[in-house]
Amino acid sequence: MGGGTCLSLTHSACRTPHSPLSRLKTLTAEYRELKARLEQGGGPDKVRRQHEQGKLTARERVEALLDQGATWFEIGLLVASDQYDGQAPGAGVVTGLGRIAGRPVVVVANDATVKAGSWWPETIKKMLRAQEIAMRQRIPIVYLVDSAGVNLPYQGGVFPGQYGAARIFYYNAIMRHYLRVPQIAAVMGPCIAGGAYLPALSDVIFMVEGTSFMGLGGPNLVKGATGQTVDAESLGGAATHTAVSAVAHYRAKDDRECVARIRDYVARLPRMLRPPAPGGKPKRSPKELYDLLPSDHRMSYDVRAVLECVLDAGKLDEFQPDLAPEMICAHGALEGRTVALIANSRGVIKSRKGRGEPASPKIGGIIYTESAEKVAYFIENADRERIPLLFVQDVSGFMVGTEAEHSGIIRAGARFVEAMATATVPKLVLTVNHASGAGYYAMAGQGFDPDFIVSWPTGRMGVMEGESAIQAVFGNDAAKPENAPAVDAMRADYEHQLDARFAAARGFVDAIVLPEETRETLAFLLEASGEFTGPHIGAFVLPSQP
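In short, a report on the structure. Not measured: the values here are computed from a predicted model.

A short note on the overall build of the chain
For the chain, the count of helices and strands is 21 helices and 20 strands. Here the chain has a C-alpha radius of gyration of 25 Å; the compact-globule value for 546 residues is 24 Å, and the two agree. Taking the principal axes of the C-alpha coordinates as reference, the chain spans close to 85 × 60 × 45 Å. If you take every contact in the chain between residues at least 6 apart in sequence, the share linking residues at least 24 apart comes to 75%. When the accessible area of the chain is evaluated, it comes to approximately 23200 Å², of which 54% is carbon and sulfur surface.

Dropping the structure here:
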């Protein structure tokens, strides 16, 4: 269980490029700007063309579909944002979690303003992630289809492979046949070739008069293959599929009527309500988070003060607070819903041996043998008690060195990882700063299928910090003048790859969240993850079959 990232805490060469007083504010402002640009999709001209065709845009459809003023948690907004010369904002699909008639639902909406809603390789990644959320949480999923099909120049990353487009239809079938997850599809534009199986494998299909088409081949392909001349409406329009083929089930006159009818459909689905206990406000204003986080990501801060901006009344009921204090294990609540919280406490922490004798100080953010054992036990208790887990990551790795190895840190770390990996309760992750080394894995990294993983703009995800990597590669030669260009290039490369936006662009986190929206977002995700009381393991768990 390597994680020798302690060097980054003491090395003085690394300098943050941001103002000493505004690192979180600066990164948040940069993220807001990027977010606003990506939300424009293909731009004003493409939006106008969509309106001229009598259609709403993907985001307009989503807004009309969901409860007004309710939480909208968009998943994968930054995916592909730094690829394809900026030609694939959002990878051409809007995915997220919202509410219809008060209940959580997953939404997948093709963005026809981006390359006619065609599927890039990253489009598949986003759609599969949305489906996995619906499957794990057993909540309805709505597909708003408006796509020209596979983006043919990139078909090699779309069509084949275990996690190619076929996986979408596999998940369709699993949800329909085994998991009983409601799937509602609305064909609101073209839906061609293999893509037609997405609505066909849903429970119900809505179509819109005059603008929707569904078929295994369009008019041009039909003429080339069979010599038959036919217009799109007669071949696969709304009237054809609702009155002739019986493939579709409901017909709407326009987009707004279509989404209104979907709302009515979802509203009548049965739901087992489990209202939470009355919740309170946080002890501190969430806006204080901008002042609580330090200007330099290596500096210490009071994580308990941070949690006071998030939890109900800022209340923490700590588990073994005097043991391994570099790891906080505690119970708290978010809008009345109890969580078992695990957080890294940054800074140099004084500890004591037996009989009150002082021991060597510990570096917060580093996982030691004692802290690994403590967290493993706490997780196992939470799993037995059926309490969801919330990991607040600011971890630089596991401790290294003779003392650590002799104390059995490998075995203790393995117990930590196993307890986390096998816990069957929902797992939510918030990355505050560092998510480094094997510590990132132990704190419910993405590879362990947490239900949701979000990051602040300050998140830094990587094997280790850049200065640690430079020391590992160059050693004492890092200071030699002849190595300066290579060292500087390596430092710059690490800074780029450690950025939260880099992680979000590759789907390593579900979303970047603004600090002041953290409490509301986590509370909503906690509610959604509580919809299914069975085991939260992997993308889904099949029910017992007779």
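Some thoughts on the side chain of T57
Following the sequence through the fold, T57 ends up in the loop between helix 3 (44–52) and helix 4 (58–65). When its relative accessible area of 8% is taken as the criterion, T57 is described as buried. The residues contacting T57, other than those within four sequence positions of it, are V47, Q50, H51 and T113.

What to know about the pairing of strand 11 (residues 337–344)
Counted residue by residue, strand 11 has 6 buried out of 8 residues, so it is predominantly covered. Here strand 10 (residues 327–334) pairs with strand 11 via 8 bridges, running antiparallel. Directly across from L334, in strand 11, lies its bridge partner R337. The loop that links strand 10 with its antiparallel partner strand 11 comprises 2 residues; one of these, E335, has a positive phi angle of about 50°. In terms of strand pairing, strand 11 meets strand 15 (residues 389–395) through 4 bridges, oriented parallel. Within strand 15, the residue paired with I342 across the bridge is F391.

With respect to the pattern of salt bridges
Scanning the model with the defined rule gives 34 salt bridges in all. Note that R415 is salt-bridged to E373, the shortest N-O span being 2.2 Å. Of this pair, R415 sits in helix 16 (residues 409–422) while E373 sits in helix 14 (residues 369–385), and the two are 42 residues apart along the sequence. Judged by its relative accessible area of 36%, R415 is partly exposed.

Conventions we followed
- Residues numbered from 1 in each chain as written.
- Predicted model: local features only at pLDDT ≥ 70, side-chain atom pairs only at ≥ 80, totals over all residues.
- Heavy atoms only, no water.
- Helix = DSSP H or I, 4+ residues; strand = E, 2+ residues; numbered from the N terminus.
- Rg over C-alpha atoms; globule rule 2.2 N^0.38 Å.
- Contact = heavy atoms within 4.5 Å.
- Areas by Shrake-Rupley, 256 points an atom, 1.4 Å probe, with all protein chains shown as cover.
- Buried < 20%, exposed > 50% of the residue type's maximum accessible area, 1.4 Å probe, protein only.
- Pairing = 2+ DSSP bridges.
- Salt bridge = Lys/Arg side-chain N within 4 Å of Asp/Glu carboxyl O.

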